[in-house]
Amino acid sequence: MWKMLARKSIIPEEYVLARIAAENLRKPRIRDRPRKARFIAKNGACNLAHKNIREQGRFLQDIFTTLVDLKWRHTLVIFTMSFLCSWLLFAMMWWLVAFAHGDMDPSTENPSNSTKWTPCVTCVRSFTSAFLFSIEVQVTIGFGGRMMTEECPLAITVLILQNIVGLIINAVMLGCIFMKTAQAHRRAETLIFSRQAVIAVRNGKLCFMFRVGDLRKSMIISASVRIQVVRKTMTPEGEVIPIHQVDIPVDNPIESNNIFLVAPLIICHVIDKRSPLYDISASDLALQDLELIVILEGVVETTGITTQARTSYVAEEILWGHRFVPIVTEEEGVYAVDYSKFGNTVKVAAPRCSARELDEKPSILIQTLQKSELSHQNSLRKRNSMRRNNSIRRSNSIRRTNSSLIVPKVQFITPEGSQSASET
């Protein structure tokens, strides 16, 4: 508006420039804090790139693991090419055996009655027939048109060699396909974590909590949960550690630290003096560059393979003063789990100070609970008064409606002056 008035020469341009400068000074300049890269993604994948690896030959020394780690399209290409190349290689060897023995000579195709020609492999007259015979030998099809004879010891040696090579290829490729289909992280797809974690008071202590569940009926045996805090730290000597991992304990009444994951559980970490979250308050949490990594390990009941599920929580995904809603109910003698409320939370009373301040001043927790109780009572009073007012309004509206339905009495006056009342 000021620029438009200046263009029309209604106000001087110097006044407009001073006005714009004053408005820019009043506006706070808020810069978003650069978001730190996650070390572990929400789906459990490691956000790590390996660069400048010079000793690439180490991967070939463990060829089986390399084949299992490949993508499916690469594995299928290698699976197909290994069989195809072995068939072509031994087809060339069978063709050379037949050529060296003279089976390719046209004169041996129709021998005279005096001499009877015995080839090394019957009906192998070209490379195509040698290729078909190579497939029949390695896959043990045996159509019956082509077969070995005892004329050539070299051909017997090639037959033995091809059988051994074919068995090795079958064992490696089939084992690779089986391991890819039965990988442990496939089972981890049905192990779920809550999208957000919470910090609330439990048993008089501030606790960091998250929920974990298993969607399958087959259980995870000897399941255990570990929590690690990953953050960038600096030592007193000035050394910068970009990924400093610190284990934090999990509150579990069982000494073995195993959990019975038959239904979704809330895993709790008590924020005490041993915890890296001990000095962090609610206002400091948003400014912290930390990541809490959760690792669930166990043995799959059906296959016996050890599986691992991972996730992480950054500062923006931790809700202070919230609690998970209950999702396990008893219906007709059966415990039912409502997974639609798996990650739902409710706001509860919790002190905004750090766990250190709460330990030094226990009265903060009592004051917080008293304020919560007073606010709860006030909300109940307001709710009751609103219900009372609504009921009074409804009763008044009903009375007005009933009064409007009453038929009024009308008096008719005759010309003689007498009055007659009738109802209409």
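Refer to the structure presented above.
Cut-offs applied
Residues numbered from 1 in each chain as written. Predicted model: local features only at pLDDT ≥ 70, side-chain atom pairs only at ≥ 80, totals over all residues. Heavy atoms only, no water. Helix = DSSP H or I, 4+ residues; strand = E, 2+ residues; numbered from the N terminus. Buried < 20%, exposed > 50% of the residue type's maximum accessible area, 1.4 Å probe, protein only. Contact = heavy atoms within 4.5 Å. Areas by Shrake-Rupley, 256 points an atom, 1.4 Å probe, with all protein chains shown as cover. Disulfide = S-S within 2.5 Å. Phe/Tyr/Trp six-rings, centres within 6.5 Å; stacked < 30°, edge-to-face > 60°. Lys NZ or Arg CZ within 6 Å of the ring centre and 35° of its normal. Polar contact = N/O pair within 3.5 Å; in protein donor to acceptor, adjacent residues only side chain to side chain. Axes fitted to C-alpha atoms, helices over the stretch in contact; angles between N-to-C directions. Parallel < 35°, antiparallel > 145°, perpendicular 65-115°, else oblique. Left-handed = near helix turned anticlockwise from the far one by under 90°. Nonpolar A, V, L, I, M, F, W, Y, C, P; charged D, E, K, R; others polar.

Caption draft 1: Layout of the overall build of the chain. A count of helices and strands for the chain gives 11 helices and 16 strands. For the chain, buried positions account for 29% of its 424 residues. Partitioning the intrachain contacts of the chain with sequence separation of at least 6 by distance along the chain shows that 62% fall at a separation of at least 24. By element, 58% of the accessible surface of the chain is carried by carbon and sulfur atoms, the whole surface being about 29,000 Å².

Caption draft 2: Representation of the state of the cysteines within the structure. Counted according to the given criterion, the structure contains one disulfide. A sulfur-sulfur separation of 1.6 Å characterises the disulfide bridge that pairs Cys120 with Cys152. Negative torsions about the S-S bond denote left-handed disulfides, and the value of about -55° found for Cys120 with Cys152 makes this one left-handed. Taken together, the residues Cys120 in the loop between helix H5 (72-101) and helix H6 (127-139) and Cys152 in the loop between H6 and helix H7 (153-181) connect sequence positions 32 residues apart. Relative accessible area serves as the criterion here: at 1%, Cys120 is assigned to the buried category. Overall, the relative accessible area of 8% leaves Cys152 in the buried class. As a non-bridged cysteine, Cys207 has Cys268 as the owner of its nearest cysteine sulfur, 3.5 Å distant.

Caption draft 3: Seen up close, the packing of aromatic side chains. Per the counting criterion, the structure on display carries eight aromatic pairs. Ring centres 5.2 Å apart and planes at 65° place the aromatic pair Phe79 and Phe83 in the edge-to-face group. You can see Phe79 and its partner Phe83 sitting in helix H5, four residues apart, about one turn around the helix. Given a relative accessible area of 13%, Phe83 falls into the buried group. Where Phe208 meets Phe210, the ring centres are 6.2 Å apart and the plane angle is 50°; that geometry is what we call tilted. Residue Phe208 is classed as buried on the basis of its relative accessible area, which comes to 0%. Aromatic ring contacts, followed pair by pair, group Phe79, Phe83 and Trp87 into a single cluster. One cation-aromatic arrangement involves Arg211 over Phe342; the distance from NZ or CZ to the ring centre is 6.0 Å.

Caption draft 4: Structural view of the side chain of Asp214. Tracing the backbone through its elements, the reader meets Asp214 in strand E3 (residues 205-214). Here the side chain of Asp214 touches Arg187 through a polar contact of 2.9 Å, side chain to side chain. Within the structure, the side chain of Asp214 is placed 3.2 Å from the backbone nitrogen of Arg216, a separation counted as a polar contact. Residues contacting Asp214, with those up to four places away along its chain left out, are Arg187, Thr190, Leu191, Met219, Ile220, Leu261 and Tyr339.

Caption draft 5: Expanded view of the packing of H5 against H6. Where H5 contacts H6, the axes come no closer than 8 Å and their chain directions differ by 120°. Here H5 is positioned oblique relative to H6, judged by the angle of their axes. As H5 packs across H6, the resulting crossing turns out to be right-handed. On H6, the residues that touch Phe83, Leu84, Ser86, Trp87, Leu88, Phe90, Ala91, Met92, Trp94 and Trp95 of H5 are Phe127, Ala130, Phe131, Phe133, Ser134, Ile135, Gln138 and Val139. Here the residues of the contact of H5 with H6 are counted per class, giving 15 nonpolar, three polar and no charged.

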